[in-house]
Amino acid sequence: MNIVIDAGNTAIKIGVFKGVELVYKKALDNSVLASEIETILRQFPEVKQGILSSVSSLKSENVKVLQKKINLMILDANTAMPFSNLYKTPTTLGVDRLALIAAAVGQYPRQHVLVIDAGTCITYDFKDANECYYGGGIAPGLQLRYKSLHAHTAKLPLLDVTPPTHFIGDSTEQAIHAGVVLGVIYEIEGVIEQYCNTYGDLTVILTGGDAHFLSKRLKNSIFATSNFLLEGLNYILAFNNDQ
């Protein structure tokens, strides 16, 4: 059994895999990670190895707890990947994006795949049918856009993510919802259209914290999944075990 940890910008997600099956998942805060790891390892004593992907400032003591208990792989730019990385600055590439493309390779081999991760940021990552990763795009996520409007203006309120009642906002609050939510939807649909026009047959994966909210409002045919990054981490671990 494997334990996989995704330390993102806003939360830490932990998964336990038995082979390719996700048997346990939990999201938690950095402050309780060490104690939670201890609990999980007691619950799943078969876990002997794991992988960590971190794009945040993970506390070193939490990493040390894991390293004392199991054989831990820390994902970085030098980790062997099941695809050719054509990104021009691989050392600046977020390890979470590596995991997403690994999942695309594992689940959709020999296909053109666009992975859209809608979280704190919205990232777009593309691999072709030859398993070559080219890169993609990075944009502010829904909550970042709401926060930016509030932080960089004198009077606009800070609102929660809410679907607009109409594409024409008839109040300041509705105008913000229309601008932010519809703006993100139109952006995503435009990006998908660009890739479809360029690469033809395209599989689109939507994941991340806002995937469920957005998937109900997108016109394009997509596969929405909440566990794609964790599955990618598990696949990277298995791939490296086979090397």
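See the structure above.
The model shown is predicted, which means the values in this text are computed figures rather than measured ones.

S.K.: Could you give an account of the overall build of the protein, naming the residues involved and the relevant values?
M.R.: A count of helical and extended segments in the protein gives seven helices and eleven strands. For 243 residues, the compact-globule estimate of 2.2 N^0.38 gives 18 Å, and the protein sits close to it at 19 Å. Along the longest, intermediate and shortest principal axes, the C-alpha atoms of the protein span 55 × 40 × 30 Å. Restricting the contact set of the protein to residue pairs at least 6 apart, pairs at least 24 apart contribute 52%. Of the roughly 12200 Å² of accessible surface on the protein, a fraction of 51% belongs to carbon and sulfur atoms.

S.K.: Which residues make up helix H3 (residues 95–107), and what are the values?
M.R.: Compared with an ideal rise of 1.5 Å per residue, which puts 13 residues at 18 Å, H3 spans 19 Å between its outermost C-alpha atoms and is within 8% of the ideal. With eleven of 13 residues buried, H3 lies mostly within the body of the structure.

S.K.: Kindly report on the state of the cysteines, identifying the contributing residues and their values.
M.R.: Using the criterion set out here, one finds zero disulfides in the structure. Cysteine Cys-196 is unpaired, with the sulfur of Cys-132 as its nearest cysteine sulfur at 19 Å.

S.K.: So what's going on with helix H4 (residues 142–151)? Which residues, and what values?
M.R.: In an α-helix, one turn spans 3.6 residues, which is why side chains three or four residues apart end up on the same side. Along H4, the residues that are buried comprise Leu-142, Arg-145 and Tyr-146. Across the axial projection of H4, the buried residues extend over an arc of 100°, all falling on one side. Considering only its buried residues, H4 is in contact with strand E8 (121–127), strand E9 (132–140), helix H5 (172–199) and helix H6 (211–215).

S.K.: Mind laying out the nonpolar core, listing which residues take part and the relevant values?
M.R.: Within the largest apolar cluster, 28 residues are counted, with the highest numbers of intra-cluster contacts made by Ile-51, Leu-75, Phe-83, Val-115, Phe-228, Leu-233 and Ile-236. Sorting the residues of this core by element identifies H3, strand E7 (113–118) and helix H7 (228–241) as the ones contributing at least two each. Among the elements that make up this core, the one with the highest residue count is H3 (nine residues). Discounting chain neighbours no more than four positions away, the residues touching Phe-83 are Leu-98, Ile-101, Ala-102, Val-105, Glu-131 and Tyr-133. Ranked by size, the runner-up nonpolar core spans 27 residues in total, among them Tyr-124, Leu-142, Ala-178 and Ile-222.

S.K.: Describe the packing of helix H1 (residues 33–43) against helix H2 (residues 60–69), listing the residues and the values that go with them.
M.R.: Taken N-terminus to C-terminus, the directions of H1 and H2 make an angle of 20°; their axes are 8 Å apart at the nearest point. Between H1 and H2, the angle is such that the two are roughly parallel. Where H1 crosses over H2, the handedness of that crossing is right-handed. Residues Leu-33, Ala-34, Ile-37, Glu-38 and Leu-41 of H1 touch H2, and the partners they reach there are Asn-62, Val-65, Leu-66 and Lys-69. Looking at the contact of H1 with H2, its residues break down into six nonpolar, one polar and two charged.

S.K.: Let's hear about unusual backbone geometry: which residues, and what values?
M.R.: Non-glycine residue Arg-110 carries a positive phi angle of around 60°. Relative to the helices and strands, Arg-110 resides in the loop between H3 and E7. Taking the relative accessible area as the measure of exposure, Arg-110 reaches 58% and is therefore exposed.

S.K.: Before we move on, can you summarise the pattern of salt bridges with the specific residues and values?
M.R.: Applying the stated rule across the entire model yields six salt bridges. A salt bridge links Lys-26 to Glu-36, with the shortest nitrogen-to-oxygen separation between them at 3.4 Å. Of the two residues, Lys-26 is situated in strand E3 (residues 21–28) and Glu-36 in helix H1; the sequence distance between them amounts to ten residues. Its relative accessible area of 34% is what places Lys-26 among the partly exposed residues. The closest approach of N and O atoms between Arg-145 and Glu-187, which form a salt bridge, is 2.8 Å. Here the residue Arg-145 occupies a position in helix H4, and Glu-187 occupies one in helix H5, the gap between them amounting to 42 residues. A relative accessible area of 18% places Arg-145 in the buried class. Taking relative accessible area as the criterion, Glu-187 reaches 23% and is therefore assigned partly exposed.

Cut-offs used in this document
- Residues numbered from 1 in each chain as written.
- Predicted model: local features only at pLDDT ≥ 70, side-chain atom pairs only at ≥ 80, totals over all residues.
- Heavy atoms only, no water.
- Helix = DSSP H or I, 4+ residues; strand = E, 2+ residues; numbered from the N terminus.
- Rg over C-alpha atoms; globule rule 2.2 N^0.38 Å.
- Contact = heavy atoms within 4.5 Å.
- Areas by Shrake-Rupley, 256 points an atom, 1.4 Å probe, with all protein chains shown as cover.
- Expected span 1.5 Å × (residues − 1).
- Buried < 20%, exposed > 50% of the residue type's maximum accessible area, 1.4 Å probe, protein only.
- Disulfide = S-S within 2.5 Å.
- Arc of directions from axis to C-beta.
- Core = buried A, V, L, I, M, F, W, Y, C linked by side-chain atoms within 4.5 Å.
- Axes fitted to C-alpha atoms, helices over the stretch in contact; angles between N-to-C directions.
- Parallel < 35°, antiparallel > 145°, perpendicular 65-115°, else oblique.
- Left-handed = near helix turned anticlockwise from the far one by under 90°.
- Nonpolar A, V, L, I, M, F, W, Y, C, P; charged D, E, K, R; others polar.
- Salt bridge = Lys/Arg side-chain N within 4 Å of Asp/Glu carboxyl O.

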